[in-house]
Structures are given as C-alpha cells and as structure tokens.
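Okay, here's what each chain looks like letter by letter:
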Amino acid sequence: MTDQELIERARDAALRAYAPYSAFSVGCAIESVDGEVVTGANMENACYRLGVCAEQSALTAAQHIFGLDKVARIAVAGGDGSGAELSGDVVCTPCGGCRQAILEAAQLSGRDIAILCASGDGSALERHTIGELIPFGFGTVNLLEIK
Ligand SMILES: [Zn+2]
C-alpha cells in the first residue's frame, strides 16, 4: 500500500468519527508489517475527558487483529468531517497521549514506527517517526528495569 493509499484510509475513517462537540474528525489507519490495515476514528463523549482519540481506537483494533508488535506504519488525518469528504488544510499530528501509546507499540517491536500526518483534505503531509515525535520517551524499558 502506498503512503497516499494509507492516508486515504485514514481520511475515510475520519468520516466515521463521533465528534459532535469539537466537530474535529480524526481518522487513523495502521498498517502491519504483513500489510494488514486497521482503522479507527475519534469518539467523543458528553463527559469530555472520556473521549477516545482515533489513534488509540486504531491501536486497539491493531492489537486485536495482528498485535501491537506488528505495527509498521501509521497514517493520521484530521479536519472537518461534516461533508462528503474530510476537509481542512492543517496537518494533524498525534496528541501527546497518542504519541505515548504509539511508543508502546514501537518499544514492543523494537522498531521505530513511521507516522504519516495529513491534513483533512490530504493536500498537506508531514512524515515523522515516533522517535521524532516523542524523543526521550518513557516506556516499557523503564518499567522492565525495575523488575
Ligand atoms: Zn490523541
């Protein structure tokens, strides 16, 4: 799957977001090392702090379908999902909490994970790795050293 195809999967997933409060729809597509793809979207709640990000939604699916240790590449896109297509020209990157969650998958696999961050309309793209997005991260290595 090309980068653009994975981004399109994320953009499509965003259209299934439940975001009545922020009106900001985010989609995430995660590809495994074997080429399987799972998606997720943000799901808000009237109790705001209970909302779930698209990345964590997709990571949950990834764990169930192929395992966090098989995550190879992630695409994220966010914007206005009220139309037939996701729109907006600002690049959407994972929030701090999601960076921490993606780091967990990276540390499990021992691989850095590529993250494609796209605008809602797909016109703007930033390519990062989780190592760039959360340098000096706290993770499994820290806790395993305690045992
Ligand atoms: Zn997040």
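Numbers given for residues are sequential positions, taken from 1 along each chain in its written order. It should be noted that, the model being predicted, local features are given only for residues of pLDDT at least 70 and side-chain atom pairs only at 80 or more, the latter also being counted only at that level, while totals for whole chains, interfaces and linings use all residues. The basis for every side-chain value is the complete set of non-hydrogen atoms in the structure, without hydrogens or water.

Quick look at the pairing of strand β3 (residues 71-79)
Operational definition: Only protein chains enter the accessibility calculation, which uses a 1.4 Å probe. A residue is then buried if its area is under 20% of the maximum for its type, exposed if over 50%, and partly exposed in between. A run of DSSP states H or I qualifies as a helix once it reaches four residues; a run of E qualifies as a strand once it reaches two. Both are numbered from the N-terminal end. DSSP calls a pair of strands paired once it identifies at least 2 bridges connecting them. For a crossover, the right-handed case is the one in which the path from the first strand over the helix to the second runs clockwise, viewed with the strands pointing away from the viewer.
β3 sits mainly inside the fold: eight of its nine residues count as buried. Where strand β1 (residues 25-32) meets β3, eight bridges bridge the pair, whose relative direction is antiparallel. Following the sheet pairing, Ala29 is matched in β3 by Ala75. Where β3 lies against strand β4 (residues 114-119), six bridges are found, and the strand directions are parallel. Its bridge partner being in β4, Val76 is matched across the sheet by Cys117. One crossover worth recording links β3 to the parallel β4 by way of helix α3 (residues 96-109), and it is right-handed.

Thoughts on the nonpolar core
Using the following cut-off: In this description, a nonpolar core means a group of buried Ala, Val, Leu, Ile, Met, Phe, Trp, Tyr and Cys residues linked to one another through side-chain atoms lying within 4.5 Å.
Counting 25 residues, the largest nonpolar core has Cys28, Ile30, Val71, Ile74, Ile102, Ile113 and Ile130 as its most contacted members. Looking at this core, the elements that each hand over two or more residues are β1, α2 (54-65), β3, α3, β4 and α4 (130-133). Here the element with the most residues in this core is α3; it accounts for five residues.

Re the coordination of the zinc ion
How we decide: The donor set covers N, O and S atoms within 2.8 Å of the metal, switching to 3.2 Å for Na, K and Ca, and it leaves out water, so a site may look short of donors.
Donor atoms from the polypeptide that coordinate the zinc ion comprise Cys53 (SG), Cys95 (SG) and Cys98 (SG), at 2.2 to 2.3 Å from the metal. Given the relative accessible area of 0%, Cys98 is considered buried.

Re the packing of aromatic side chains
A ring pair, where both rings are aromatic, is described by two values, the distance of the centres and the angle of the planes. The condition that has to hold: Only Phe, Tyr and Trp rings take part, Trp by its six-membered ring, and two of them pair if their centres are within 6.5 Å. Stacked means planes under 30 degrees apart, edge-to-face means over 60, and tilted covers everything else.
A full pass over the atoms with the stated rule returns one aromatic pair. Arranged with centres 5.5 Å apart and planes meeting at 40 degrees, the rings of Tyr21 and Tyr48 form a pair that is tilted. One end of the pair, Tyr21, is in the loop between α1 (3-14) and β1; the other, Tyr48, is in the loop between β2 (37-41) and α2, with 27 residues separating them in the sequence. According to the relative accessible area criterion, Tyr21 is partly exposed, its value standing at 40%.

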